[in-house]
Structures are given as structure tokens and as C-alpha cells.
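# Topology and contacts: notes
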Amino acid sequence: MATLLGFRDGIKNFCSKYDKFVSPLCKFILAFVMFWSIEHLTGYNSTISSMVIVLAAAFVCAFLSASLTLAIGGVYACAQIASANLELGITFVVIFIIMYCVYIRFFPKASWLIMFMPFFYIINFPYIVPLLAGMIAGVAGMIPAAFGCVFYYFMKYTVDYMALSEKTASEDMIEGYKYIFQHLVQDKTLLLTIIVFAVVIVLTYIIYRMSFSYSWYVAIITGGVVEIVLFLVGTLSMEVEISLAGALIGCVLAILAAIVVQFFKTVVDYSSVENTQFEDDEYYYYVKAVPKVMSNAAKQAPAKKNPAPAAKTPQARPASGRPNGTGSRPNNMRKDDSVTGSTR
């Protein structure tokens, strides 16, 4: 355990010390993952699908906020879809603008849920999203998680429609709209996923915010188990084509991954809990203090930063017993004689 804590604290200290370089690098990697996911799902425009364009766009996003990165990702996805079908590209723009203006501009910290949902679907690991959203974003993560699912399925059905239109040689604009929206509305898998993710996010957040011992880990495990149960019940009741074995393995791996994320976020020692209480003129306070678990190096760091003050060496007095070697007192030691009026 001490080795793992030392490794974790070493990474945190490195990231904190070189934040000016680490933060843009992390943004670059995350932006690259987003652009690569969109290109992997669509890739209709060979010009913007080149690795040079993807890397250049990711480099620019390394110095931008998450909300602006999401906006650029939406423009990139629109360009890819419009290259295949202009009408579907316009439709995607309308949906994306509504989503961006209605929600993301007010909750920019939750934009990562939309940005990386296609990537998690590509690697068949979307089950981690509601657990992380409940831990980090809270209840506010429900809507962007749903938008992320719609974002992925829109691109998925665009690919299916383009493959179908090539076989049937259909160029009817209305047919494209009908195909996309009909599948989005009637897709029971999408509906079940949105419902399950919303329930798991709320449940994980509520338990995660509680103050009983090991509440963080109880929230993660409970959310994962409920996710498995809901997908199982939904698959049987709604006749949805979801691999139960894949969902089971995915949820178990999601629980383990969320525990690892929590380890790097914060670890506390519940065996050393301290409870105290105090009051002021208006309130009575009950405080529960749980110490964080840190490595030995991290515990010693504050002592090095704030060393104990050195003891002052007493100043030697002159042989005459009077300071400064003079026969008169300093100005700040003179007092007015209230009787004689003289100064001594």
C-alpha cells in the first residue's frame, strides 16, 4: 500500500510542479481521442480525416477550454457528415447547437461526457461513464450523458443510411431525415441506455455524497450492480439486443476502473475518524473529520516547507549594563515626570 501511495503522490506532485506543461499535454491527448473517434465513425472527408489535420486540431484545443474543444469537435463531426450528405449535416448542426446553447454553456465541466462517449462506445466500454459522471459531475451529468449517447447513435445511423443509400441509389432528402429520426426515436437500446445511465448517475451521486464510512466505494459498487440489474431487466422486458455477458463484464470492469480513479482522487483512513462539535450565536455544528491517507514523503513535505523558526540569540549587553554603550536612555524609553514636568 505504501508503494502505491508513493506512486500516486509522485504523479500528483509531478503534475502540480509542471502543470504548465502537463495540462496542455492532457488536453491535447483528450482532444486527439475525440477527433479520432469522430473520424473513426465517419471519415467521409479524406482531407480532414488525415492524421495531420487531426493532430493540428488537437494541438489547437490543447490551449482552449473544454466547452470550446467540444464546439470544435461538433464542427468537425458536422463537416464529416455534411461531406456524405448535406441535409444530414445541417440536421446535425441544428441538434448540436440546441444541445450546446441549452445546456453545455451553463455546465461546461460536464462537456467531457459528450466528448468521449463515442470513444467509450468504440472500445465497448460505455458502462464506466455513469459511474464517473456520478462521482465527478453529479446529477448535472445526466443530460450530457444522454446527449453523448444521441451524438454517437446519430453518427452510427448516418453511416448505416449512407451504406443503404449506396445500395438503393436513393437521393431523396426526406428519406434521410426519416431514416435517422425514426431510428433514433424507435431505438429501444438508446432509450434503455439513457434511462439506465440517468438512474445510475443519480444513485451513485446520492450515496457518494453521504458521510458514512466507505461511502465512496459503496456508491461505486452499488452503481455498478444496479447498472447490471437494470440492463438485465431492460433487455428481457424491452426485447433489446444487448449482450448480457458483455454488459456484465463491462460493468465489473467499470467498477474496478472507478475504484482506481477514486484512489488517485482521494483516499482516507476511516479507522482514525474524529468527531467534534461547537457552536456560535446562530448555529450548532457537528463536524466529522476523516484524515487523508498519504505516503511518508507527502507527510514530510509540509514540515520541509514550514521549518520551525530558529531560536533568537540574546544580544550581549555592554559592560556598563546600559544599552548601546551610552549613558542616556533611548528615546522610546524616556518618560515625562508628572510632578516636576521634567523628562527623564
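Residues numbered from 1 in each chain as written. Predicted model: local features only at pLDDT ≥ 70, side-chain atom pairs only at ≥ 80, totals over all residues. Heavy atoms only, no water.

### Points about a negative patch on the surface
The condition that has to hold: To count toward a patch, a residue needs a relative accessible area above 30% and no salt bridge. Like charges then connect within 9 Å, nonpolar side chains (Val, Leu, Ile, Met, Phe, Trp, Tyr) within 5 Å. Per-residue accessibility takes into account occlusion by the displayed protein chains alone, with areas from the Shrake-Rupley method and a 1.4 Å probe. Here, a salt bridge means any Lys or Arg side-chain nitrogen found within 4 Å of an Asp or Glu carboxyl oxygen. None of His or the chain ends enter the tally, which takes Lys and Arg as positive and Asp and Glu as negative. Every charge is mapped onto a representative atom, which is NZ of Lys, CZ of Arg, CG of Asp or CD of Glu. Exposure is judged per residue with a 1.4 Å probe applied to protein chains only, and the accessible area is read against the type maximum: over 50% gives exposed, under 20% gives buried, and values in between give partly exposed.
A cluster of acidic side chains, namely Glu-279, Asp-280, Asp-281 and Glu-282, defines a negative patch on the protein surface. Residue classification places Glu-282 among the exposed residues on the basis of a relative accessible area of 67%.

### Quick notes on helix α3 (residues 51-61)
Threshold: In DSSP terms, a helix is any run of H or I states spanning at least four residues, a strand is any run of E spanning at least two, and both are numbered starting from the N terminus. The arc in question is formed by the directions pointing from the helix axis toward the C-beta atoms. Working rule for contacts: check all heavy atoms of both residues, and any pair within 4.5 Å makes them a contact.
The set of residues buried in α3 consists of Val-54, Ala-57, Ala-58 and Cys-61. Each buried residue of α3 sits inside an arc of 100 degrees when the element is viewed along its axis, so together they form one side. Taken together, the buried residues of α3 touch α2 (19-41) and α4 (66-84).

### Here we look at a nonpolar patch on the surface
Taken together, the side chains of Leu-86, Ile-90, Val-94, Ile-98 and Val-102 make up a nonpolar region of the molecular surface, amounting to roughly 470 Å² of accessible area. Topologically, Val-94 is positioned in helix α5 (residues 86-104).

### Some thoughts on empty space enclosed by the protein
The following threshold applies: Site definitions follow a grid-based scheme: protein atoms alone, a 1 Å grid, a 1.4 Å probe that fits but cannot get out for cavities, and for pockets an open set with protein on both sides within 12 Å along at least five of seven lines, plus lining residues having an atom within 4 Å of a point. Grid points are joined across faces, edges and corners, and a volume is the space filled by probe spheres set on the points. We call Asp, Glu, Lys and Arg charged. Ala, Val, Leu, Ile, Met, Phe, Trp, Tyr, Cys and Pro are nonpolar, and the rest, Gly among them, are polar.
Throughout the structure, instances matching the rule amount to one cavity of 30 Å³ or more. Approximately 90 Å³ is the volume attributed to the largest cavity. Forming the walls of the largest cavity are Phe-92, Ile-95, Phe-96, Met-99, Phe-147, Val-150, Phe-151 and Phe-154. Within the residue set of the lining of the largest cavity, elements represented by two or more residues are α5 and α8 (142-168). Here the residues of the lining of the largest cavity sort into eight nonpolar, no polar and no charged.

### Observations concerning unusual backbone geometry
At Asn-124, a residue that is not glycine, the phi angle is positive and equals roughly 55 degrees. For Asn-124, the position within the fold is in the loop between α6 (112-122) and α7 (128-137). Within the chain, Tyr-214 stands out as a residue other than glycine whose phi angle is a positive 60 degrees. The topology assignment puts Tyr-214 in the loop between α10 (188-208) and α11 (215-238). On the accessibility criterion, Tyr-214 (47% relative accessible area) is partly exposed.

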